[in-house]
Amino acid sequence: MKRCKVCRRKPKLGRRVNCEGILFCSDDCYEDYENSPNDFSHPYIDDYEAVRFEYMEWMKDYEDDLYKYWLFGSPRKADLIADIDSVIGEFHDYYRLERTDGIFSQEIYQYLLQLEELQIVIAEWEVDGNELKKRRKQLERKRREAMIDEERENIL
Ligand SMILES: [Zn+2]
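Residues numbered from 1 in each chain as written. Predicted model: local features only at pLDDT ≥ 70, side-chain atom pairs only at ≥ 80, totals over all residues. Heavy atoms only, no water.

K.L.:
Whenever I open this one, the domain arrangement of the chain confuses me. Can you help?
P.N.:
Interface extent is often summarised as the accessible area lost during association of the parts. Taken domain by domain, the chain comprises domain 1 (1–39) and domain 2 (42–125). Contact residues are listed per partner, giving 10 residues for domain 1 and 13 residues for domain 2. Around 970 Å² of area is buried between domain 1 and domain 2 when both sides are counted, 54% of it from carbon and sulfur atoms. It is Leu-13, Arg-16 and Asp-39 in domain 1 that bury the most area against domain 2; as a group they hold 51% of the surface buried on that side. At the junction of domain 1 and domain 2, the tally comes to 3 salt bridges. For the interface between domain 1 and domain 2, the tally reads 7 residue pairs in polar contact (both at pLDDT 80 or more). (Domains from an automatic or database assignment. Contact = heavy atoms within 4.5 Å. Buried area = accessible area lost by both parts, 1.4 Å probe. Salt bridge = Lys/Arg side-chain N within 4 Å of Asp/Glu carboxyl O. Polar contact = N/O pair within 3.5 Å; in protein donor to acceptor, adjacent residues only side chain to side chain.)

This is the structure we're talking about:
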């Protein structure tokens, strides 16, 4: 696996590239790299940043969102999958390009495939009973704390 040009770590979720295809592990390393050409005149930069952001947000949040259904009754899996569909829909042109128009078109296409995979992960996801118990307890604790805070405010 290729490593970050700046810090030599293996890029994970925060990976990004510049328009020359040089790889970075994060926005910080990307910004630290002094020899970067100006990416912001590239025609696909906005879409690249947008789909990368969406992907990172989804990866960070999807499991919490799935547990929300068990804790609060929504959203359903089908809602999450439909939401991802609408994200994918915004970048539909890049399916047509099939990564043939430079590094950003490749990266965007890759994110679209990964979002499709995430839809499958969500569809097949099953709740973990122990994790759910833990999350219910956390929620209870937060509610109690909020109530105590409220009572304290009423007294003051
Ligand atoms: Zn780095």
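K.L.:
Would you take a moment to explain the coordination of the zinc ion for this structure?
P.N.:
Six octahedrally arranged donors around a metal ideally form angles of 90 or 180 degrees; four tetrahedrally arranged donors ideally form angles of 109.5 degrees. The protein atoms that coordinate the zinc ion are Cys-4 (SG), Cys-7 (SG), Cys-25 (SG) and Cys-29 (SG), at distances spanning 2.3 Å. Coordination at the zinc ion comes from 4 donor atoms whose angles at the metal span 103 to 118°, giving a geometry best classed as tetrahedral. All donors of the zinc ion come from a single chain, and their spacing in sequence reads C-x2-C-x17-C-x3-C. Grouping residues by exposure puts Cys-25 and Cys-29 together as buried. (Donors = N, O, S within 2.8 Å, 3.2 Å for Na, K, Ca; no water. Tetrahedral: all angles 85-135°; square planar, octahedral: opposite > 155°, others 65-115°. Buried < 20%, exposed > 50% of the residue type's maximum accessible area, 1.4 Å probe, protein only.)

K.L.:
What's the story with a negative patch on the surface in this structure? I'm lost.
P.N.:
A surface patch of like charges, here negative, comprises Asp-28, Glu-31, Asp-32 and Glu-34. Here Asp-32 lies in helix H1 (residues 27–32). (Patch = residues over 30% accessible without salt bridge, like charges linked within 9 Å, V, L, I, M, F, W, Y side chains within 5 Å. Areas by Shrake-Rupley, 256 points an atom, 1.4 Å probe, with all protein chains shown as cover. Lys, Arg positive; Asp, Glu negative; His and termini not counted. Charge placed at Lys NZ, Arg CZ, Asp CG, Glu CD. Helix = DSSP H or I, 4+ residues; strand = E, 2+ residues; numbered from the N terminus.)

K.L.:
Teacher, can you tell me more about the pattern of salt bridges here?
P.N.:
Opposite charge on two side chains permits them to pair, given that their charged atoms come into close proximity. Tallying each qualifying case throughout the model produces 11 salt bridges. Its salt-bridge partner being Asp-27, residue Arg-52 comes within 3.0 Å of it at the nearest N-O pair. Of the two residues, Arg-52 sits in helix H2 (residues 45–72) while Asp-27 sits in helix H1, which places them 25 residues apart along the sequence. The partner of Lys-68 in a salt bridge is Asp-65, and the shortest N-O contact between them spans 3.2 Å. Highlighted residues: Lys-68 and Asp-65, both in helix H2, separated by 3 residues, approximately one helical turn. Overall, the relative accessible area of 35% leaves Lys-68 in the partly exposed class. Because the salt bridges share partners, they merge into one network encompassing Arg-16, Asp-27, Glu-49 and Arg-52.

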